[in-house]
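Chain by chain, the residues run as shown.
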Amino acid sequence: MGRTALISGVAGQDGSYLLEFLLDHHYEVVGFDIDGNALARLTRRITERPDARRARLLVADVTQPDNVRRLLSDTAPTEVYNLAAQSFVGRSYADPYDDVVITTGTLNLLEAIRRHAPEARFYQASSAEMFGDAAAPQTEQTPFAPVSPYACAKLYAHHLVRMYRDVHGLKAASGILFNHESPRRRREFVTRKITHGIAAIVSGQATELRLGNLDSRRDWGHARDYVRAMWLMLNRDEPADYVIASGESRTVGELARFAFDLVGLDWTRYVRQDASLVRPHDPANLCGDAQRAEADLGWRPEVSFEALVTEMLDADLEAHGLDPKDVRR
């Protein structure tokens, strides 16, 4: 019997890569998202695939329990991936109410699975932001110390998953994912802000790039690698929680310097620090240790930091009408 996956937040970066990954593995996939415009873009992205008929994309709200129950009943999924979230950490300080999608959405899915599909395997997108200022490197045993409303919401959802696994016996796992990026990342995220900003500068559409905290350290990987880890977690007999990370951290300034170097520009001539872009509190150094994932799942990242940034920059150069081969040094 074939496998069917249900993905919440399917129109986001991770959801789009996961959809393609699961189609490649011959799943029937039902994806839903509250953003109809993003769903339309995703539909156009997969239309030319010969297996596109195995994907069904719907507008639905994970915070509405009736929507979730109906989707579970209609889909009868073997696997459920919860990726729905307001995922921009900086925005959560200004409007923490937006993070209700994380807490309420996770509870709705877990409760619907418990009542209507108890054999379904469940994946929760947890976040390295839950570690806050904990000393690096962070592992599955590192105490959590969230410092943003987003991270607090993620931690609540993370504990819900553990409780439903331990108390109700659900086959539920959480991936504590460190920063993962791609050309599909939205522009307000610092990685994409940098590569898009460089393309604008090279094309003559901008003269500077304004950034916040240049000393913040993050562990960056590619979203394609990280959705593969999600799937591996749900295809293990015993569900558990895993740190997924590259094991290397770099500052925002280092990322900017590397990306500007790719086009032969001195980053210090173009980058301006903007105090209004600095978060009220920013974890100093998020760097994960994914040894448990390698030992149990056989997972390790395949895309290097350098290849990730180059791919993102090339995509933004092309979007600005430039040929990367003519621009990159």
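What you see is a predicted model; the values in this text were computed from it and never measured.

Q: I tried to follow the overall build of the protein on my own but got confused; where do I start?
A: Per the secondary structure count, the protein includes 12 helices and 13 strands. For the protein, the C-alpha radius of gyration of 20 Å lies close to 20 Å, the compact-globule estimate for 329 residues. With the C-alpha coordinates aligned to their principal axes, the bounding extent of the protein is approximately 60 × 45 × 40 Å. The proportion of buried residues among the 329 residues of the protein is 55%. Here the analysis covers contacts within the protein between residues at least 6 apart in sequence; of these, 80% occur between residues at least 24 apart. When the accessible surface of the protein is split by element, carbon and sulfur atoms take 48% of a total near 14400 Å². Here the protein contributes 40 positively and 47 negatively charged side chains, and the mean placements of these two sets differ by 2 Å.

Q: So what exactly am I meant to see when it comes to the packing of aromatic side chains here?
A: How two aromatic rings sit relative to each other is set out by the distance from centre to centre and by the angle between their planes. For the structure on display, the rule yields eight aromatic pairs. Ring geometry for Trp220 and Phe305: centres 6.3 Å apart, planes at 35°, overall tilted. A residue pair is termed long-range when its members are at least 10 positions apart, and Trp220 in the loop between strand S9 (217-218) and strand S10 (221-222) and Phe305 in helix H11 (residues 305-319) qualify at 85 residues. The buried category is assigned to Phe305, whose relative accessible area is 7%.

Q: It is not clear to me how the sheet that holds strand S1 (residues 4-8) should be interpreted in this structure. Could you clarify?
A: Paired through backbone hydrogen bonds, the strands of a sheet run either parallel or antiparallel to each other. Strand order across the open sheet formed by seven strands is S3-S2-S1-S4-S5-S6-S11, with parallel pairing between neighbours. The open sheet has two free edges, formed respectively by strand S3 (55-59) and strand S11 (242-244), since each of these has just one partner strand. When the angles between neighbouring strand axes are averaged without regard to direction, this sheet yields 20°. Examined bridge by bridge, strand S2 (residues 28-33) and S3 share five bridges and lie parallel to one another. Looking at the pairing, Val30 lines up with Arg56 of S3. Relative to the sheet, helix H6 (residues 149-168) contacts strand S5 (121-127) and strand S6 (171-177), its axis offset from that of S5 by approximately 150°.

Q: Even after reading the chapter, I still don't get the nonpolar core, so can you show me in this structure?
A: Proteins that are soluble and globular tend to have nonpolar side chains buried together. Counting residues in each nonpolar core, the largest one holds 39 residues, and the members touching the most others are Ile7, Leu19, Leu22, Tyr81, Tyr123, Ile244 and Trp299. The set of elements that each furnish at least two residues to this core consists of S1, helix H1 (13-24), helix H2 (36-46), S5, S6, helix H8 (223-234), S11 and helix H10 (291-297). Top element by residues in this core is H8. It accounts for nine residues. Residues contacting Leu22, with those up to four places away along its chain left out, are Ala5, Ile7, Tyr27, Val29, Tyr81 and Trp231. Among the nonpolar cores identified, the runner-up in size contains 27 residues, and Leu6, Val68, Leu72 and Ala120 belong to it.

Q: Just to check I follow, could you spell out the packing of H1 against H8 for this structure?
A: Describing two packed helices takes the angle between their axes plus the distance from one axis to the other. Axis separation between H1 and H8 bottoms out at 9 Å; the angle between their running directions is 65°. Seen along the crossing, H1 lies across H8 with a hand that is right-handed. Listed contacts from H8 to Gln13, Asp14, Tyr17, Leu18, Phe21 and Leu22 of H1 are Ala223, Arg224, Val227, Arg228, Met230 and Trp231. A per-class count over the contact of H1 with H8 returns eight nonpolar, one polar and three charged.

The rules behind each value
- Residues numbered from 1 in each chain as written.
- Predicted model: local features only at pLDDT ≥ 70, side-chain atom pairs only at ≥ 80, totals over all residues.
- Heavy atoms only, no water.
- Helix = DSSP H or I, 4+ residues; strand = E, 2+ residues; numbered from the N terminus.
- Rg over C-alpha atoms; globule rule 2.2 N^0.38 Å.
- Buried < 20%, exposed > 50% of the residue type's maximum accessible area, 1.4 Å probe, protein only.
- Contact = heavy atoms within 4.5 Å.
- Areas by Shrake-Rupley, 256 points an atom, 1.4 Å probe, with all protein chains shown as cover.
- Lys, Arg positive; Asp, Glu negative; His and termini not counted.
- Charge placed at Lys NZ, Arg CZ, Asp CG, Glu CD.
- Phe/Tyr/Trp six-rings, centres within 6.5 Å; stacked < 30°, edge-to-face > 60°.
- Pairing = 2+ DSSP bridges.
- Axes fitted to C-alpha atoms, helices over the stretch in contact; angles between N-to-C directions.
- Core = buried A, V, L, I, M, F, W, Y, C linked by side-chain atoms within 4.5 Å.
- Left-handed = near helix turned anticlockwise from the far one by under 90°.
- Nonpolar A, V, L, I, M, F, W, Y, C, P; charged D, E, K, R; others polar.

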